[in-house]
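One-letter residues, chain by chain:
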Amino acid sequence: EMNDAQIFGFSNMVDQAELEAGELAQEKASNGGVKEYARMMVAEHSAHMREAGELAHEAGTNPSEPSNDQLRRQHDQLMSSLRGASGAAFDSLYINGMVMEHQAALQRLDAAMNATESTELREFLNTTREAVAKHLERAQQVQGQLASNR
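Here the residue index of a chain counts from 1 through its sequence in written order. Where totals are concerned, whole chains, interfaces and linings use all residues; where local detail is concerned, this predicted model gives features only for residues with pLDDT of at least 70, and gives and counts side-chain atom pairs only at 80 or more. To obtain the side-chain values, all non-hydrogen atoms of the structure were included, while hydrogens and water were left out.

Visitor: I would appreciate a short explanation of the overall build of the protein in the present structure.
Guide: Numbering of helices and strands runs from the N terminus, with a helix taken as a DSSP run of H or I at least four residues long and a strand as a DSSP run of E at least two residues long. Scanning the protein from N- to C-terminus turns up 5 helices and 0 strands. Taken from the N to the C terminus, the helices and strands of the protein come in the order α-α-α-α-α. Each radius of gyration reported is based on C-alpha atoms, and the globular scaling rule is 2.2 Å times the count of residues to the power 0.38. Relative to the globule expectation of 15 Å for 150 residues, the C-alpha radius of gyration of the protein, 16 Å, shows essentially globular dimensions. Structurally, the protein occupies a C-alpha span of about 50 × 25 × 25 Å along its principal axes. Burial status follows relative accessibility: with a 1.4 Å probe on protein chains alone, a residue under 20% of its type maximum counts as buried, one over 50% as exposed, and anything between as partly exposed. By residue count, 45% of the 150 residues in the protein fall in the buried class. Within the protein, counting contacts between residues at least 6 apart in sequence, those at least 24 apart form 79% of the total. Per-residue and other accessible areas were derived by the Shrake-Rupley procedure at a 1.4 Å probe size, with only the shown protein chains allowed to occlude residues. When the accessible surface of the protein is totalled, it reaches about 7800 Å², and 46% of it is carbon and sulfur. Charged residues are defined here as Lys and Arg on the positive side and Asp and Glu on the negative side; His and the ends of the chain fall outside this count. A charged residue contributes its charge at one atom only: NZ of Lys, CZ of Arg, CG of Asp or CD of Glu. Positive and negative side-chain charges in the protein, numbering 13 and 23 respectively, have mean positions lying 8 Å apart. By the convention used here, residues are in contact when the closest approach between their heavy atoms is within 4.5 Å.

Right, dumping it as structure tokens:
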């Protein structure tokens, strides 16, 4: 069960993770669709991070990042694989990672929406959920395009 500070912390962690991976993919991706997806990740997750920060500030909540989080550990593993990969292998690793991370984020968002008492935070999480579902759908489309290019 997450409290609001932990929900904001989780949100931050996901935004930072997608920014980190997206920035690397903008440099290293060889496929146009993957590069485009990475650009979208960087733009939308930076905007989301700012909005979440403003909301937390207004609520007087200090975000606390979950310690030793499973999603964070998986992300760190993904990043180290990505740093060692290039070309088509990089593209596949990145997009597969994005599918996995956005699926995991959706599950956690659902739990967070049930956990918070705050109407503002619940509305924000609902909007977030819609965006994350779109990111997942787009990642799956790019994944399909990569598979048919082989």
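On we go.
Visitor: Hey, could you run me through the confidence of the model for the protein in this one?
Guide: Close reading of the predicted structure is inappropriate where its pLDDT is low. One number per residue, pLDDT, summarises how confident the predictor is, and it ranges from 0 to 100. Summary statistics for the protein give a mean pLDDT of 95 and a share of 100% for residues scoring 70 or more. Here helix α3 (residues 70–83) is the element of the protein with the lowest mean pLDDT, 95, and helix α2 (residues 32–59) is the one with the highest, 97.

Visitor: Just checking my understanding: could you explain the pattern of salt bridges for this structure?
Guide: Pairing between side chains of opposite charge can happen when the charged atoms of each approach one another. Whenever a carboxyl oxygen of Asp or Glu lies within 4 Å of a side-chain nitrogen of Lys or Arg, that contact is scored as a salt bridge. Evaluation of the coordinates by the stated rule reveals 6 salt bridges. Across the pair R39 and E36 runs a salt bridge whose closest N-O atoms are separated by 2.5 Å. With R39 and E36 both in helix α2 and 3 residues apart, the pair spans about one turn of that helix. Each of E65, R72 and D76 takes part in salt bridges that share partners, so that together they form one network.

Visitor: I'm lost on the packing of helix α4 (residues 87–115) against helix α5 (residues 119–149) in this one. Help?
Guide: When two helices pack together, you describe them by how their axes are tilted relative to each other and by the distance separating the axes. Angles here are taken between N-to-C directions and fall from 0 to 180 degrees, while the axes themselves are lines fitted to C-alpha atoms, restricted in helices to the stretch in contact. For the pair α4 and α5, interaxial distance at closest approach is 9 Å and the crossing angle is 155 degrees. It follows from the interaxial angle that α4 and α5 lie roughly antiparallel. Of the two elements, α4 crosses α5, and the hand of that crossing is left-handed. Here is the rule for angles: anything less than 35 degrees is roughly parallel, anything more than 145 is roughly antiparallel, 65 through 115 is roughly perpendicular, and the remaining ranges are oblique. When the near helix sits turned anticlockwise from the far one by under a right angle, the crossing is termed left-handed; a clockwise turn instead gives a right-handed crossing.

Visitor: So what exactly am I meant to see when it comes to the environment of V14 here?
Guide: Mapped onto the fold, V14 is located in helix α1 (residues 4–28). Residue class for V14 comes out buried when judged on its relative accessible area of 12%. With 61 residues separating them along the chain, V14 and H75 place their C-alpha atoms 9.3 Å apart. Contacts of V14, omitting those with residues within four sequence positions, involve H45 and L71.

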